[in-house]
Amino acid sequence: MSEHFDVHGGARLVGEVDVVGAKNSVLKLMAAALLAEGTTTITNCPQILDVPLMGDVLRSVGCEVVIEGDTATITTPAELSHRADSAAMGKLRASVCVLGPLVGRLKQAVVALPGGDAIGSRPLDMHQNGLRKLGATSTIEHGCVVAKAETLVGAQIWLDFPSVGATENILMAAVLAEGTTVIDNCAREPEIVDICTMLTEMGAKIEGAGTSTLTVHGVEQLHPTTHSVIGDRIVGATWAFAASMTRGDITVRGVNPHHLDLVLNKLQLAGADVETFGDKGFRVVQPERPKAVDWVTLPYPGFATDLQPFAVALSAVSEGTSMITENVYEARFRFIEEMVRLSGDARTDGHHAVVRGVEKLSSAPVWASDIRAGAGLVLAGLCADGVTEVWDVFHIDRGYPHFVENLNRLGANIKRVAGEPDRK
């Protein structure tokens, strides 16, 4: 049975919300547990659908995985299977991050091509090229990435684009390679720093975390650890946009505001008052209708492509005209088709979108195409007259724990409803 959210427009969101561990970090940390025999414990895990799915992926190669509340306990055996081709692989993009650990530890891997959000092509060329530089062969056969090596030897690796996934897979293979690996033009996201921190706790030798160059000195083996996931900056930013769009007042705790410096600065330009609390959280107050600002997605520390739907949604209710430029995923503007259903005034041309703000949107049935698009549509529904039906909410459940409950606690009127959509 399908589910949708009924979102009643007109709410002003006020209150406090806690952010838990980052989706874009926890799944990679779970994969890193493959690198060491024994029991690794990961705390501050978000209670989202993708965590048990990644648990299924790890079980498929021989791990025991227990998930209780916000804690995942992963027991990795001495003898692992190199084949990660379970049904769960097709349900989340991050499943491909088991490739690097399996090649690093077993010198071979067969990993089913991943699924996940429909936001455009995300080829694995850089992942494969990095493994080849380390001495592995890597091909695509029968819907799987197949990699094998006699031995892995450190190398100088240049990434054509600072891909997060490629950086993670190459990093996790390199920590057990012979000699030193240098990864240039690598991703700099806080989630990369988080995995470097956990790997270092496991005994890896890594320099340059948070910069564009990672230097990895290979070690013979790693050991299990206990690690707490960093706060989810994308979820934190979602609440910041929610405050601005609804002319509300939201305090967000559990995320480092410095991971959102650009976002918070842009919201200030839109007219919000922003207060930060060290590395513990922030408050966003929007006293009046937001003003239009321009947005450009770029790799970190630029504006995250995951937040582009919220920039479009905010622009749709702002005073003035905004230009949104998407430089990372070409299909992300699918979100705009749904915003037009809500009477948003938006046009696209290539990787640019022009959005002219309106005073109030108009409710309609809309469909989420990915996690962030779904959340963005819910926020847009809060700024529309009447009741907006947001469908395919399983996407939202993959990225936001207790989303409906948190919204209602902040003053929204939203409920989950079972039933099939009428697409007439």
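The chain goes by UDP-N-acetylglucosamine 1-carboxyvinyltransferase in an unreviewed UniProt entry, where it is assigned to Amycolatopsis vancoresmycina DSM 44592. Per UniProt, the chain has the following entry under Pathway (unreviewed entry): "Cell wall biogenesis; peptidoglycan biosynthesis."

A. The pairing of strand β17 (residues 281-285), seen in detail. Of all five residues in β17, four are buried, a share of seventy percent or more. Relative to β17, strand β15 (residues 249-253) runs antiparallel, the two sharing five bridges. Across the sheet, residue Ile-250 finds its bridge partner in β17, namely Val-284. Two elements, strand β16 (residues 273-277) and β17, share five bridges in a ladder whose sense is antiparallel. Of the residues in β17, the one forming a bridge with Val-274 is Val-284. Counting the residues that bridge the hairpin from β16 to β17 gives three residues, and of these Gly-278 lies at a positive phi of roughly 60°.

B. Structural context of the environment of Pro-224. The residue Pro-224 is located in the loop between β13 (213-217) and β14 (226-228) in this model. Each C-alpha atom, one on Pro-224 and one on Glu-37, is 6.9 Å from the other, the two residues being 187 residues apart in sequence.

C. Focus on the domain arrangement of the chain. Under the domain assignment, the chain is made up of domain 1 (2-19 + 231-419) and domain 2 (23-223). Each of domain 1 and domain 2 has a C-alpha centre, and these two points are 30 Å apart.

Criteria and cut-off values
- Residues numbered from 1 in each chain as written.
- Predicted model: local features only at pLDDT ≥ 70, side-chain atom pairs only at ≥ 80, totals over all residues.
- Heavy atoms only, no water.
- UniProt positions renumbered as here; feature names shortened; annotations may be inferred.
- Buried < 20%, exposed > 50% of the residue type's maximum accessible area, 1.4 Å probe, protein only.
- Helix = DSSP H or I, 4+ residues; strand = E, 2+ residues; numbered from the N terminus.
- Pairing = 2+ DSSP bridges.
- Domains from an automatic or database assignment.

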